[in-house]
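Notes for the structure review
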Amino acid sequence: MDLRRRAYCDRILRVDLSSGEISTTPLPVESMPLILGGKGLGAWEIYHDQSQGVEPLSPENQLIFHNGPLTGTTAPTAGRFGCTTLSPATRTYSDAYCGGYWGQMLKYAGYDALVVKGAADQPVMLVIDDERVDLRPADHLWGLNITQTSEQIRQEFGSEWQSLVIGPPGENQRNLAGIFNDSRALARGGVGAVMGSKNLKAILTRGNGHVTVFDPDGYRRALQLAFRAVRMSSETTLLNREGTVNILEIIDVMGALPTRNFQRGQFEAADKISGNSFREHEWVKDYACFGCPIACGKYTRPLSDGVVIEGPEYETTFAMGPNCAIGDRETIIRLNWWCDEYGLDTISTGGVVGLVMEMFERGMLDAGDLDGIEPRFGDAAAALALVEKMAKVEGCGEWLAQGVAAIADQHPQAQPFAMHVKGLEMPAYHPNAAKGTALAYAVSERGACHLRGAPLGELFSGSADPLAIDGKAQLFRDHQADKAIWDSACLCYFPGYGMKLKELWQLVTAATGFDYPTVRDFELIGERISTLARAFNVREGFKREADTLPPRNLAQPMVGGPADGHVVELAPMLDEYYRLMGWDEEGIPTPERMQELQLLNEDGSRE
Amino acid sequence: MDSKAYRLREFIDPHDNRSLVLDASAGLSLGPLPGLEQFSTAVEPVLPLVDGLVASPGQAGRLAGRTRSDAALLVRGDWTNALRVPDFVLPPETTSHIPLLNPADALDLGASALVIYFLLGFEEQIEAGCLRETVQLALQGAQVNMPLIVDVQPIGPRVVLHQKAIELGVSYALEGGADGVAIPWSSRGSFETVLAMAAGTPVWIKPTTLQEASAELGEVLDMGGTGLWLDQRLFASRDPVKRLEEYRAQIHQPEPAG
Amino acid sequence: MNAGLQARFDRLFNRHGDGRAVCVAADHGYMSDVTPNVVNLRPVTEAVIQGGVDGILLSPGQAMRLASYFQGRDGPALIVRADWMNMPRLGTSNVANAVPQRLLTHQKVVTAQQAVELGASAITIYLFLGYNDQIEAIGIEVCARFVRECHQVGLPCIIEPLAYGGQVTGANSVEILTLGARMAVEIGADALKIPYTGDVDTFRNLVDVAGVPVLVLGGARSDYERDALELFAEGLEAGGSGCLMGRNVTKSPDPQGMVEQLCGIAHQGWTVDRALQTEQWDLIKLKAHPAKCTGCMLCVVACVATHDDGSFGTSLSRLRIDPGRKQGQHRVMFCTLCKKCLDVCPTDALRWHPQSGAVELLVDKCTASDECVKICPTQVIVHSDTGIQIESGESLDWYPVVCDLCGGEPECAIICPTEAIFIDQRKELA
């Protein structure tokens, strides 16, 4: 089977920064129909090639960048890519995805994935120029922020290159550090810290190759249907109009907009920071990632001192806004700017600021701990001061940029309201008001995540009663499998509001020629890959105990809004989820299930 | 002209297509109201000044001795606890909305129209019930030529955008077949949308406060709305008769001489 | 089928003797937020009637209010929405977010007798599958009761199965719709209104297992006129009997025109192209709306995939996105037919293509002088990645690759999602 005529490059680029060795290996041909690429390939590689118990910031930890079979074609959003690693923040399997313009470059350069292991003893940059790959000194870039680094690279190399860079948080191996391609990022789980621990400052890529699909006519037809489906969707129309912030109002109305570090689910100034509000007052131009017909990205008009961002996203708006009781668009934009400029995950950053505000108000921290800053809820200046410190990794910013879990470890009295799961800060949906999402936060393979199957439709598509727990395990399971396939084919979720798994199946079948007789056969890939990620975590020692939520969700009834009085009844949902997935009561995938999913052979050996 | 149009003209003056209506039916769910403790006595002086008086079925039955120059009778056809505030003697824990009359009953009471609430912002079943009632009473009303007026109440906790909720209420009422709607005043722009949807169906506004009523009424009449729909707060005010005379003069201005 | 039922059925489906009906759903205001198509119900209704619509779906109240529109033998058939649900008010479908609701609610609202008294030729009722068991049960009850009532008064009953709710996944939505279609027919539906499944094969299967006329609904509106027409044409190809389209028509800038197009496709066998009467210009050129470019590069990759071996990439694209000096300053750069390359070529190897008028390379005259590449103001002439042996026997290491306007249907303009690059008429070969 020639994978190069089936939309792949059939090449994994392997770089060992300790030895300086650069090589390529083919894809695991026999397994590709089972794992597809993207998330599947990343999970496969890390599960099979990394031993258990590796220290996340050590040279042994692999940082795997991956794209999918459709990457680089004209499928909607076919520039998306991801990375997989062991997270220093959660110590779990962790993957992150990014739009922007780097993913297709790796594919055109001729690689389906890039595996970086080891660590350089001096700052380096990896330069991938089709088959010419080498490491070059990056001392002159070390210490520069994202914009400065990207500018410098553009000047040295020219604008036809795309790069992934880290800023000071990544260089200082902070848990909140992300990896950035201009305004888009692999943000969560501390992937920037892993890159920084390897002394890898930037990855520059330029590619002139092409992608050949298996059945060009079938692919063309499938593209037509996919694009039409994407256009005939009120959700994609709304995304184009008001970006991801479009859902803020409905989430607030449902009582699920986390406010003041998740104390409440509704924010009094929600209308000031709604999608409509940003559209009316702040946004001036649309932005699209490579290959995207939706263009949910938005550029803001310059502020008085020239600050411009591409954003904010809904998550950022929550994290910097209601979570900190800040209802002022300009402040949110500035807080976003610090994160983008220096390379921080905005969700986690906002989570830290919210926690610190609550701790300060309760007297658990004082100004002395915070370099003289006195952060109360709603204090924009204090929030800006804190985030600036985190961005520059200065003073208290050094420990703040390690995240909510690390702060709570040092201050155990804050544990009851340290809003994270497994060490990843909680995203913009209040679990007490969205039970299916609560289950997803507790179980997701990389910690509290809304993008690994959380059935957000219970909140903004009316698909189920968000306050009920019945049926939520099944709902989560279905969405988790769905998301895992999208991440393996490597497309963004947003076309999925118009096209569905059927259209994706048609695209993948035509591109790869793999045999999935029905959509259901294709659907199996999703559960297989989620289970593989789970198996990795189990091997690292995670089980049921870690699938939990903070006391604020499990034991503290919500106050106000439609979810008034609700807590998250996690145990019954968890039991049901494990049962549906074929895992035992500890949440460990049984050998039978692993075999059924073709992750283990009959003799128990790995596939 | 059918008798439904005839009935509508009993409280919408056919000369200027305008109307002043006073809703005195809230006692049905709120009990004795300030200024309305003695219903007949309170209502007697205002009857000649308004075009239509909305009364509960019980009070309607007791309003005897009305003359031809007195207001037409409109009868309230449903009951709800949604108008009760948290410090009411029986604060509502769940919302209830109950139909009481059908158009045939309104005929028996000698009414010129049947008035029902459209409650927005409460539980899904409440909203569904209001819509179903509207459709059924409009259809039945068409059979016996009894007009149906819908009193739009965007007062529930789920209302997020007040103006748009009013527009939604009007839309639902018209889609249900209402022969007229009474809505809270919001803004010129929103009222324009409402009038466009109404396409000639009468629209009354319920003023925000009695103090603002004149100004709001002015805008409404200017844009082609039908008139004013007052409620029990009129009876609690200092000089109800004087107020009504002013509103009446504003609504039914005499023809300019010459 | 009794005589009354047949007569009403024919009024709807046999207006043109072909068993097909082009119907417009104007009941949106009954269940959804106030959007312009709701406010402008009357003008929209007049427009679609002018367009030749066969049937219009209205709420009971509007059926009373607009009764005069349905009079006369030429008038459209009236379809009454006999139940009510609040799906358009849930989540972000709730366009205005004025009064959001959380739980799906579905109820019967009028009787079949009342619908007949309104002058209906048919009623439509929902069947929700995939939300939960109670909603499904309510749907079954509503449908069953209506079918009985309808057949007693000789009124065709159109059931509208929808796959909606947490139990619907990407993998099972088509199966659920097909299940709904069959269940509706087993209950006794005389026709179906149902979403298109996305492709002809799965829809044909659905139509086959239904065995009654199937009207396709349009769903959310696309900005491309073509999409709804293509979807409709595919539905017919799969054996469907027409449409009951709402927003795609009522929110269109020209509802009358759109209905004329749908009627042309349904009743006169037009193709979608014929219906759209796409301008056939002799000569075309590419133009830009620079502010609309989002930088997505779909045009660039589409260009590459349309040429050479059909593989996908950005190298060898005949147009490019100039990134600008800062983020957000990107512009699409393409061949503007400025003629500079024709004029500068030392060997006259470039000319206007005789049919498309695009720049054409006469490779046998080429000397790879690079003059054309250097002079192109938009820098869209690129070096080929292979050499070539020309007529004289000489070998060129490379030759210039130029935009050929894809022979007259430029793929870049076709794929551009924002009309940042589009086609315009070219007056003459300058």
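What you are looking at is a predicted structure, and each value in this text was computed from that prediction instead of being measured.

Secondary structure summary: chain C contains 17 helices and 20 strands in total. Seen through its C-alpha atoms, chain C measures out along the principal axes to roughly 85 × 45 × 40 Å. Buried residues in chain C amount to 60% of all 430 residues. Considering only contacts in chain C between residues 6 or more positions apart, those separated by 24 or more positions represent 65%. Put simply, chain C shows about 16,800 Å² of open surface, and 48% of that area lies on carbon and sulfur atoms. If the 36 positive side-chain charges of chain C are averaged to one point and the 50 negative ones to another, these points end up 8 Å apart.

This part is about the overall build of chain B. Of the regular secondary structure elements, chain B holds 11 helices and 10 strands. Taking 18 Å as the expected radius of gyration for a compact globule of 258 residues, we find that chain B reaches 17 Å, a close match to that expectation. Along the longest, intermediate and shortest principal axes, the C-alpha atoms of chain B span 55 × 40 × 40 Å. Classification of the 258 residues of chain B by burial places 59% in the buried group. A separation threshold of at least 6 residues defines the contact pool for chain B, and within that pool the share at least 24 residues apart is 65%. Put simply, chain B shows about 10,700 Å² of open surface, and 51% of that area lies on carbon and sulfur atoms. Where the 19 positive side-chain charges of chain B centre and where its 32 negative ones centre are 2 Å apart.

Let us now look at the sheet that holds strand β3 (residues 77-81) of chain C. All names here are of chain C. In space, the eight strands of this closed barrel follow the order β1-β2-β3-β6-β7-β8-β9-β10, with parallel pairing throughout. When the angles between neighbouring strand axes are averaged without regard to direction, this sheet yields 25°. When strand β6 (residues 122-129) meets strand β7 (residues 157-163), the two strands line up parallel, connected through seven bridges. Its bridge partner being in β7, Ile125 is matched across the sheet by Ile159. Contacts between helix α7 (residues 133-153) and the sheet are confined to β6 and β7, with β6 contributing the most and set at about 160° to the helix.

A separate point is the state of the cysteines. Residue and element names in this part refer to chain C. By the definition in use, this model includes zero disulfides over all chains. With no disulfide of its own, Cys376 lies closest to Cys338 among cysteine sulfurs, the gap being 6.3 Å. Judged by relative accessible area, which is 10%, Cys376 ranks as buried.

It is worth spelling out the pairing of strand β10 (residues 242-245) of chain C at this point. Residue and element names in this part refer to chain C. Residues of β10 alternate between two faces, with Gly242 and Leu244 on one and Cys243 and Met245 on the opposite face, all of them buried. Bridge count for strand β9 (residues 214-217) against β10 is two bridges, and the pairing is parallel. Considered in β10, the bridge of Leu215 is made with Gly242. Read from β9 through helix α10 (residues 225-237) to β10, the crossover connection turns out right-handed.

Next up on the list: the interface of chain C and chain B. With 36 residues of chain C at the interface, the matching set in chain B holds 38 residues. At the junction of chain C with chain B, the criterion picks out one salt bridge. The salt bridge involving Glu127 of chain B is made with Arg89 of chain C; its shortest N-O contact spans 2.6 Å. Applying the counting criterion to the chain C and chain B interface returns 22 residue pairs in polar contact (both at pLDDT 80 or more). Every element with two or more residues in the side of chain C that touches chain B is listed here: α2 (28-31), α3 (36-39), α4 (41-50), α5 (60-65), β5 (106-108) and α6 (112-117) of chain C. Among the elements that take part in the side of chain C that touches chain B, α5 of chain C stands out by supplying five residues, more than any other. In the side of chain C that touches chain B, the residues fall into 17 nonpolar, 12 polar and seven charged.

Below, the discussion takes up the pattern of salt bridges. Residues and elements named next belong to chain A. This structure, assessed with the given rule, holds 78 salt bridges over all chains. Measuring nitrogen to oxygen at the nearest pair gives 3.4 Å for the salt bridge that ties Glu313 to Arg184. Here the residue Glu313 occupies a position in the loop between β14 (297-300) and α11 (314-320), and Arg184 occupies one in strand β11 (residues 184-186), the gap between them amounting to 129 residues. The salt bridge partner of Arg477 is Glu527, with a shortest N-O separation of 2.6 Å.

Another point: the packing of helix α2 (residues 38-49) of chain A against helix α21 (residues 519-539) of chain A. Residues and elements named next belong to chain A. Put simply, α2 and α21 touch, their axes get as near as 9 Å, and they point 30° apart. By the angle class used here, α2 and α21 are roughly parallel. α2 and α21 meet at a crossing whose hand is left-handed. Counting all contacts with α2, which are made through Lys39, Gly40, Ala43, Trp44, Ile46 and Tyr47, the residues of α21 involved are Ile529, Leu532, Ala535, Phe536 and Arg539. Looking at the contact of α2 with α21 residue by residue, the class counts come to eight nonpolar, one polar and two charged.

Attention now goes to the domain arrangement of chain C. Size of an interface, as often reported, equals the accessible area lost when the parts are brought together. When its domains are assigned, chain C resolves into domain 1 (3-280) and domain 2 (284-426). With centres defined by C-alpha atoms, the gap from domain 1 of chain C to domain 2 of chain C works out at 46 Å.

So, about the interface of chain A and chain C. Counting residues at the interface gives 66 residues for chain A, matched by 57 residues for chain C. Taken together, the two surfaces of chain A and chain C that pack against each other cover about 4,700 Å², and 57% of this comes from carbon and sulfur. For chain A, the biggest contributors to the area lost against chain C are His210, Arg228 and Met232 of chain A; these three give 15% of the whole. The tally of links between chain A and chain C comes to six salt bridges. Salt-bridge contacts for Arg221 of chain A lead to Glu234 of chain C; the nearest nitrogen and oxygen are separated by 3.2 Å. Mapped onto the side of chain A that touches chain C, the elements with two or more residues apiece are α7 (216-231), α8 (234-242), α9 (248-253), β13 (283-287), α18 (457-460), α19 (472-489), α20 (501-512) and α21 of chain A.

Residues and elements named next belong to chain C. Of all the five residues making up β3, five are buried; the element is thus mostly covered by neighbouring parts of the structure. Every second residue of β3 is oriented toward a common face, with Ala77, Ile79 and Arg81 on one face and Leu78 and Val80 on the other, all of them buried. Bridging between strand β2 (residues 55-58) and β3 involves four bridges; their strand directions are parallel. Pairing of Ile56 across the sheet is with Leu78, part of β3. The handedness of the β2 to β3 crossover, carried by α5, is right-handed. Summarising the sheet, β3 and β6 pair through three bridges and their orientation is parallel. Note that in β6 the partner of Ile79 across the bridge is Ala122.

Here we take up the packing of helix α13 (residues 346-361) of chain A against helix α14 (residues 380-392) of chain A. Residue and element names in this part refer to chain A. Relative orientation of the contacting elements α13 and α14 amounts to 130°, with a least axis distance of 11 Å. Judged on the interaxial angle alone, α14 and α13 are oblique. Remark: the crossing between α13 and α14 carries right-handed chirality. Contact with α13, carried on its side by Thr349, Val352, Val353, Val356 and Met357, involves Ala383, Leu386, Val387 and Met390 of α14 and no other residues of that element. Per-class residue counts for the contact of α13 with α14 are eight nonpolar, one polar and no charged.

Okay, the sheet that holds strand β4 (residues 81-86) of chain A next. Residue and element names in this part refer to chain A. Reading across the sheet, the six strands line up as β2-β1-β6-β3-β4-β5 and stay open at both edges, with mixed pairing between neighbours. With one partner strand each, in any of the chains shown, β2 (21-25) and β5 (93-98) form the two edges of the open sheet. For this sheet, the mean angle separating the axes of adjacent strands, direction not counted, is 15°. Summarising the sheet, β4 and β5 pair through six bridges and their orientation is antiparallel. Note that in β5 the partner of Leu86 across the bridge is Tyr93.

To continue, consider the environment of Glu216 of chain B. All names here are of chain B. In this fold, Glu216 is placed in helix α9 (residues 210-223). For Glu216 and Ser187, which are 29 residues apart along the polypeptide, the C-alpha to C-alpha distance reads 9.0 Å. Contact partners of Glu216, with chain neighbours within four places excluded, come to Trp185, Ile205, Pro207 and Thr208. Within the local environment of Glu216, its side chain forms a polar contact with the side chain of Thr208, the two groups lying 2.7 Å apart.

The rules we used
- Residues numbered from 1 in each chain as written.
- Chains lettered and ligands numbered in written order.
- Predicted model: local features only at pLDDT ≥ 70, side-chain atom pairs only at ≥ 80, totals over all residues.
- Heavy atoms only, no water.
- Helix = DSSP H or I, 4+ residues; strand = E, 2+ residues; numbered from the N terminus.
- Buried < 20%, exposed > 50% of the residue type's maximum accessible area, 1.4 Å probe, protein only.
- Contact = heavy atoms within 4.5 Å.
- Areas by Shrake-Rupley, 256 points an atom, 1.4 Å probe, with all protein chains shown as cover.
- Lys, Arg positive; Asp, Glu negative; His and termini not counted.
- Charge placed at Lys NZ, Arg CZ, Asp CG, Glu CD.
- Rg over C-alpha atoms; globule rule 2.2 N^0.38 Å.
- Pairing = 2+ DSSP bridges.
- Axes fitted to C-alpha atoms, helices over the stretch in contact; angles between N-to-C directions.
- Disulfide = S-S within 2.5 Å.
- Right-handed = clockwise from strand over helix to strand, strands pointing away.
- Salt bridge = Lys/Arg side-chain N within 4 Å of Asp/Glu carboxyl O.
- Polar contact = N/O pair within 3.5 Å; in protein donor to acceptor, adjacent residues only side chain to side chain.
- Nonpolar A, V, L, I, M, F, W, Y, C, P; charged D, E, K, R; others polar.
- Parallel < 35°, antiparallel > 145°, perpendicular 65-115°, else oblique.
- Left-handed = near helix turned anticlockwise from the far one by under 90°.
- Domains from an automatic or database assignment.
- Buried area = accessible area lost by both parts, 1.4 Å probe.

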